[in-house]
Structure formats: structure tokens, C-alpha cells
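Listed here are the chains, written in short residue letters.
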Amino acid sequence: MAQKGETVKIGWVDPLSGLMAPVGTNQIKSFQFVAEVFNKNNPAGVKFEMVPIDNKLSPQESTNAVKSLIDQGVRYIVQGNGSGAALAIMDAVAKHNERNPGKELVYLNYAAVDPDLTNSKCNYWHFRLDADTSMKMEALTAWMKDQTDIKKVYLINQNYAHGHQVSKFAKETLQRKRPDIQIVGDDLHPLAQVRDFAPYVAKIKASGADTVLTGNWGSDLTLLVKAANDAGLNVKFLTYYAGVTGTPTALGAGAAGRVYAVAYAHSNMPGEVGKIANDFKAKFNDDYYTLAVNHAFALLSNAMAAAKTTDPAKVAAAMEGLKFKSFNGEVEMRKTDHQLQQGLFVTVWKKADAKAPYSVENTGYNFQPVKAYDAYVASTPTSCQMKRP
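Owing to the predicted nature of the structure, the values given are computational and were not obtained by experimental measurement.

Visitor: Describe the nonpolar core, with residues and values.
Guide: Counting 109 residues, the largest nonpolar core has F31, L108, M144, L213 and F297 as its most contacted members. Looking at this core, the element that brings in the most residues is helix α10 (residues 292–307), giving nine residues. Beyond its immediate stretch of four places on either side in the chain, F297 contacts I10, F31, V34, A35, F38, F48 and M50.

Below you can see the structure in the form of C-alpha cells.
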């Protein structure tokens, strides 16, 4: 089946209401905007069209969304916020595919990073585009290993799969690389419900920590940073998601040189993706920070070109082991577990300058790389026993 000029509908299932709505809103705009870029030119010659559904960050609503998308003839699904919702989608897709051979769905996960999703719970129809929690921790601790001023670390995370994994991998990898570092606190709090982090910040202050390590995102990181600023908590923050909507504004000037993020990109990416970020800013006065969106369209269009069809079963087979040049080096969709292998950066929040001019959330600051790691540094083994159809 020739695919040139064919429209490929992609269902987007993520929050557009509740405390995490600003994150979801930014990301659906990112998908719609980058779809337009790829529609002008992609290896398969297809046209992408987004079909968004608000899952309210709920696993149950995510399962309903999958059913609704199937009814609308959508065969590709993307989601990223929350590993609970990710697992629900994975399950719904796997069950549907088992019962409906020839009408398969493919699920591209662009931001849910619980390592179990590509290990014990791995599934053939699920492909992850972000680096998982353990991969990011490998890169972050590779950097921490050489920071002699880090002696006491406080862990604070959201009380669900991803938060538990951040805490677990932080303890394990630090024990391996810097056994002298003391873990002086290990807190878990409800996801997207805490409105005042002052009590947590008081505990962090009392612990004598010089560094806070957190996998928090969205309102849970923004409000934590606000509370820390208000209390004059002058420590390093090592984060996964400080670049996500709302948090950069909360960081402001006071956090310069103290807040770090580990990610597959930074604020001043060169080339095509840098141009997309600048055009996105010009159009929406907002930041394009979920660059896995690029990976989604690149992976799909490269695989569709190779398979010479948009049939999800054939496209899934073509995505396995696929390599392509991306903004963070050569990336590869690892065949054993469908985890994208990619380079990672450790970045620091700094004042924008001539060399790094991008202004995140119009703050006059941005995330600048202090260290770049090749894909092999952050790569972690997998226990996935993939059952192929």
C-alpha cells in the first residue's frame, strides 16, 4: 500500500484539566506544531493529524480514551504524563491487538519514564522515546561522582511509580559511584495534590542537605521550588523536569547556578530543532521543550518509509532496531525492549548570553549544558522478555 499523501491520525492522551493542565496544553501544541513541520517534509510523504483527548491524568480515563480513539479509526497513540496512565494505555492496546488481528494499534510513549515499562512490563506494541528514570540517573550520577561539594543529598519525590524509581535508583547508583554521599532524607508525597511545600522545605533545611534530588514535575516541582525560594533554602537542586511549563518562571534569578536538570536536550539546541523552538516561541510565546515529539514523528515517518505502508503491524516491525540521526546524536530504538537509546545532557539554569541566547518562559535565563554524555554512558540493561506477535 503506497502511503504518499496519506493522512495518519495520531491520538494524544494526556491531561488538559487539573493541576497538570499547563503541561498537557504545551505538549498538545508541540505535537500539532511539529506535525505541521513534518507534513511539509518527511521520508514517508505522509500527513500527520493529531486527535487530542483529556485523560485528566487518570488511568481509567486513559483506557476510555483508547476505546474512543479506536472508534474514530485512530491506529497510533501518543502519551507521556504519568506512568500509571502509560501502563493503562499499554494494557488496553495489548488487549485490543490480541483480539483484533489486522487492526493493530501502536503506542508511542514520549515521557512516561518508569523503567518497568521496558523491563518487567515490556510489551511489543509500546515504544519509549524518552530516556527512562534509570538512564537519566546514570548520566546524573556520572556527573555527581566528580562534584566533591556534594556530600548530603535529600530525596523528595511524588508517591507513584516514577517517584519510587527515582528514589530507588538514586540510592543504588550513588552507593556504587559515591558511597561517601549521605542520603539525609527520602520523602514521598501525593502526586499533583500538594499546594504548599513549606513543611517539606523545613525538613530539608533541618537535615543539613547541600543537595536536593527530585524527579518531581509540573506543579509538584514549581511549588517545591517556590517554597524553597521563600524559605531561602540555598542548596543545589538536581532535577529531571525543571524545564517543564511553570517551573522556569518559579526558578527566576535566585536559582541561577543552583538548579540542574538531566535531559536529552537543552534550551539552545542547534539546527532544525532549534529553529522549531524559535518558531514555536514566535507563534505561541511558549517554549518547545518536549523534543521527544520530534523523535515520535521521525521514528514513525522513517519506519513508514522503510515498511512502504502505514499499517501499524508493519510499521512496528520496522521501528525495531531503527537508527536515525537526531538532535542529540544518533539514536536507536533498541529491539530488545523498545527503549530509545540516546545521548543525555546535564544542564544548569543560567542567565542567557550571546552564546546561549534563548529566554525560557521569558525569564532571561535558560538551561545550559555542563556535560554531554553519549548514548552508551546512560544505557542501562533490560530484563524484558519481549513476546512478539
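Visitor: I'd like to hear about the state of the cysteines, residue by residue, with values.
Guide: Summed over the entire model, instances satisfying the criterion amount to one disulfide. The disulfide bridge from C122 ends at C384, spanning 2.1 Å between sulfur atoms. In this structure, the disulfide formed by C122 and C384 twists by about 80 degrees around the S-S bond and is classed as right-handed. Residue C122 is located in the loop between β4 (106–109) and β5 (126–128), and its partner C384 is located in the segment after α12 (375–378); the two are separated by 262 residues in the primary sequence. For the pair C122 and C384, one class covers both residues: buried.

Visitor: How would you sum up the environment of V346? Please name residues and give values.
Guide: Checked against the element boundaries, V346 lands in strand β14 (residues 344–351). The exposure class assigned to V346 is buried, which follows from its relative accessible area of 0%. As a C-alpha pair, V346 and A263 span 83 residues in sequence and 6.6 Å in three-dimensional space.

Visitor: I'd love a proper account of helix α11 (residues 312–319), names of residues and values included.
Guide: Inspection of α11 places P312, V315, A316, A318 and M319 among the buried residues, and these make up the whole buried set. Across the axial projection of α11, the buried residues extend over an arc of 165 degrees, all falling on one side. Elements in contact with the buried residues of α11: β3 (76–79), β4, β5, α10 and β12 (329–333). Positioned one or two residues after α11, G321 has a phi angle of 75 degrees, which is positive.

Visitor: Give a detailed account of the pairing of strand β1 (residues 7–14), specifying residues and quantitative values.
Guide: Buried residues dominate β1, accounting for six of its eight residues. In the sheet, β1 pairs with strand β2 (residues 47–54) via eight bridges, with the strands oriented parallel. Within the sheet, the bridge partner assigned to G11 lies in β2 and is V51. The parallel pair β1 and β2 is bridged by helix α1 (residues 21–40), and the resulting crossover is right-handed. Inspection of the sheet shows β1 paired to β3 by three bridges, in the parallel sense. From the neighbouring strand, I10 faces β3, where its bridge partner is Y76.

Visitor: Provide a residue-level description of the layout of surface pockets, including the pertinent values.
Guide: Considered as a void within the structure, the largest pocket measures approximately 660 Å³ in volume. Along the walls of the largest pocket sit 44 residues, with G243, V244, A263, Y289 and T290 positioned nearest its centre. Contributions of two or more residues to the lining of the largest pocket are made by α1, β10 (259–263) and α9 (271–284). Residue classes in the lining of the largest pocket are distributed as 27 nonpolar, 14 polar and three charged. Taken as a whole, the second largest pocket holds about 230 Å³ of empty space.

Visitor: Hey, could you go over the packing of aromatic side chains for me, with residue numbers and the actual values?
Guide: Tallied over the entire structure, the rule returns 15 aromatic pairs. Where F38 meets F297, the ring centres are 5.6 Å apart and the plane angle is 35 degrees; that geometry is what we call tilted. Taken together, the positions of F38 in helix α1 and F297 in helix α10 put the pair 259 residues apart, joining distant regions of the chain. Aromatic side chains W143 and Y260 sit 4.7 Å apart centroid to centroid with 40 degrees between the ring planes, which places their arrangement in the tilted category.

Visitor: Any details on the sheet that holds strand β7 (residues 182–189)? Residues and values, ideally.
Guide: Taken in spatial order, the seven strands line up as β7-β6-β8-β9-β10-β14-β15 in an open sheet, and their pairing is mixed. Of all strands in the sheet, those bounded by a partner on one side alone are β7 and β15 (365–373). Adjacent strand axes in the sheet meet at a mean angle of 20 degrees when their direction is disregarded. In the packing of helix α5 (residues 161–177) onto the sheet, contacts are made with β6 (152–158), β7 and β8 (211–214), and the angle to β6 comes to roughly 160 degrees. Docked against the sheet, helix α6 (residues 198–207) engages β6, β7 and β8, running at close to 170 degrees with respect to β7.

Cut-offs used in this document
- Residues numbered from 1 in each chain as written.
- Predicted model: local features only at pLDDT ≥ 70, side-chain atom pairs only at ≥ 80, totals over all residues.
- Heavy atoms only, no water.
- Core = buried A, V, L, I, M, F, W, Y, C linked by side-chain atoms within 4.5 Å.
- Buried < 20%, exposed > 50% of the residue type's maximum accessible area, 1.4 Å probe, protein only.
- Helix = DSSP H or I, 4+ residues; strand = E, 2+ residues; numbered from the N terminus.
- Contact = heavy atoms within 4.5 Å.
- Disulfide = S-S within 2.5 Å.
- Arc of directions from axis to C-beta.
- Pairing = 2+ DSSP bridges.
- Right-handed = clockwise from strand over helix to strand, strands pointing away.
- 1 Å grid on protein atoms, 1.4 Å probe; cavity = no way out; pocket = protein on both sides within 12 Å on 5 of 7 lines; lining within 4 Å.
- Points joined across faces, edges and corners; volume = space filled by probe spheres on them.
- Nonpolar A, V, L, I, M, F, W, Y, C, P; charged D, E, K, R; others polar.
- Phe/Tyr/Trp six-rings, centres within 6.5 Å; stacked < 30°, edge-to-face > 60°.
- Axes fitted to C-alpha atoms, helices over the stretch in contact; angles between N-to-C directions.

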